[in-house]
Amino acid sequence: PNTITCGCLIDNLLRYGRTADALEVVLYMKERGIAPSEVMYTSLMTMAGKMTKIENMQKWNGCSHESEDDKEVCAVGDNDDDNTKAIQVYTALMKTLTTEDSSKKKKFNGYNEEKKNTQLLKVFLVFQEMKAAGAEPDLACYNTLLRACVRASDVTRAMDVLRKIAEDGLVPNDSSWREALKA
């Protein structure tokens, strides 16, 4: 398997409402060092955005379908076999972005630092997109942000993430503190 075959599989799984299976493919890719393409990220971000919209509609006033896409995604949300939440999709996306690709490591520190900072930026962009879509971050999501800060050696942002955890009324767990101490 490569990026193309995994991408086709993810696209079809999302099309048929099998979000949990799509995330399993993303995990498989991460474990095998297969880099997801921008198209995969776009597909997963789009699905997560739709899921967030439907979850919010269901939370506030039952499931009302404004468009055909809403009907499709709501049907996905009603599928008993796949109770994946939007936050799980966003968190999985952020985790794939923090994966260190040891096969492509360069000897030059400048290159590694630039790559780590780019990864950090991408993780925070996914986080911002998630918040803009209306998804509520959970502790796993924040821990992924902390991990990205550690990888980029960005202590200031790690401290900001810890403050945001407290502001959102969440309590840091052992994983949160471990990541914070690594920064």
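Residues numbered from 1 in each chain as written. Predicted model: local features only at pLDDT ≥ 70, side-chain atom pairs only at ≥ 80, totals over all residues. Heavy atoms only, no water.

Visitor: Please give an account of the nonpolar core that cites residues and values.
Guide: Core analysis: the biggest nonpolar cluster contains 45 residues, and Ile 10, Tyr 90, Leu 145 and Val 161 have the highest contact counts within it. Listed by contribution, the elements that provide at least two residues to this core are helix H1 (3-15), helix H2 (19-32), helix H3 (38-61), helix H5 (86-97), helix H6 (109-133), helix H7 (139-151) and helix H8 (155-167). By residue number, the principal contributor to this core is H5, which donates eight residues. If we ignore the near neighbours within four places in the chain, the residues touching Tyr 90 are Met 45, Ala 48, Gly 49, Thr 52, Val 126, Glu 129, Met 130, Ala 133 and Ala 135. (Core = buried A, V, L, I, M, F, W, Y, C linked by side-chain atoms within 4.5 Å. Buried < 20%, exposed > 50% of the residue type's maximum accessible area, 1.4 Å probe, protein only. Helix = DSSP H or I, 4+ residues; strand = E, 2+ residues; numbered from the N terminus. Contact = heavy atoms within 4.5 Å.)

Visitor: Go over unusual backbone geometry, please, and point to the residues and values.
Guide: Of note in the backbone geometry, Ser 153 takes a positive phi value of approximately 55° without being a glycine. In this fold, Ser 153 is placed in the loop between H7 and H8.

Visitor: Could you give me a rundown of the confidence of the model for the protein, with the residues and numbers involved?
Guide: The pLDDT averaged across the protein works out to 79; a share of 79% of its residues lies at or above 70. The spread of mean pLDDT over the elements of the protein runs between helix H4 (residues 68-78), the lowest at 49, and H8, the highest at 93. Contacts for the low-pLDDT stretch residues 75-81, under 50 throughout, to residues beyond four places or in other chains number five contacts. Below pLDDT 50 for its whole length, residues 102-108 participates in four contacts with residues either more than four positions away or in separate chains. (pLDDT = per-residue confidence, 0-100.)

Visitor: Account for H7, naming residues and giving values.
Guide: Note: α-helices contain 3.6 residues per turn, so residues at a spacing of three or four share the same orientation. End to end, H7 covers 18 Å across 13 residues, agreeing with the expected 18 Å (1.5 Å per residue, within 8%). Counting buried residues along H7, 10 of its 13 residues qualify, which places the element largely inside the surrounding structure. Within H7, the full set of buried residues consists of Leu 139, Cys 141, Tyr 142, Asn 143, Thr 144, Leu 145, Leu 146, Ala 148, Cys 149 and Val 150. Positive backbone phi, at 55°, marks Ser 153, one or two positions downstream of H7. (Expected span 1.5 Å × (residues − 1).)

Visitor: Pulling in residues and values, what's your account of the pattern of salt bridges?
Guide: Pairs may arise between side chains of opposite charge once their charged atoms sit close together. Applying the stated rule across the entire model yields nine salt bridges. A salt bridge links Arg 163 to Asp 160; its shortest N-O distance comes to 2.4 Å. Here the residue Arg 163 and the residue Asp 160 both occupy positions in helix H8, the gap between them amounting to three residues, near one helical turn. Overall, the relative accessible area of 46% leaves Arg 163 in the partly exposed class. Note that Glu 167 is salt-bridged to Lys 164, the shortest N-O span being 3.8 Å. Here Glu 167 and its partner Lys 164 are both found in helix H8, three residues apart, which amounts to about one turn of the helix. Relative accessible area serves as the criterion here: at 61%, Glu 167 is assigned to the exposed category. Through salt bridges with shared partners, a single ionic network connects Arg 147, Glu 179 and Lys 182. (Salt bridge = Lys/Arg side-chain N within 4 Å of Asp/Glu carboxyl O.)

Visitor: Help me get a handle on the side chain of Thr 91, residues and values and all.
Guide: Along the chain, Thr 91 turns up in helix H5. For Thr 91, the residues in contact, after removing those within four places along its chain, are Asp 138, Ala 140, Cys 141 and Thr 144.

Visitor: So what's going on with the environment of Tyr 41? Residues and values would help.
Guide: Mapped onto the elements of the fold, Tyr 41 is located in helix H3. Exposure remark for Tyr 41: the relative accessible area of 18% places this residue in the buried category. Tyr 41 sits 34 residues away from Gly 7 along the chain, and the two C-alpha atoms are 9.6 Å apart. In this structure Tyr 41 touches Pro 36, Leu 93, Thr 96 and Leu 97, once residues within four positions along its chain are discounted.

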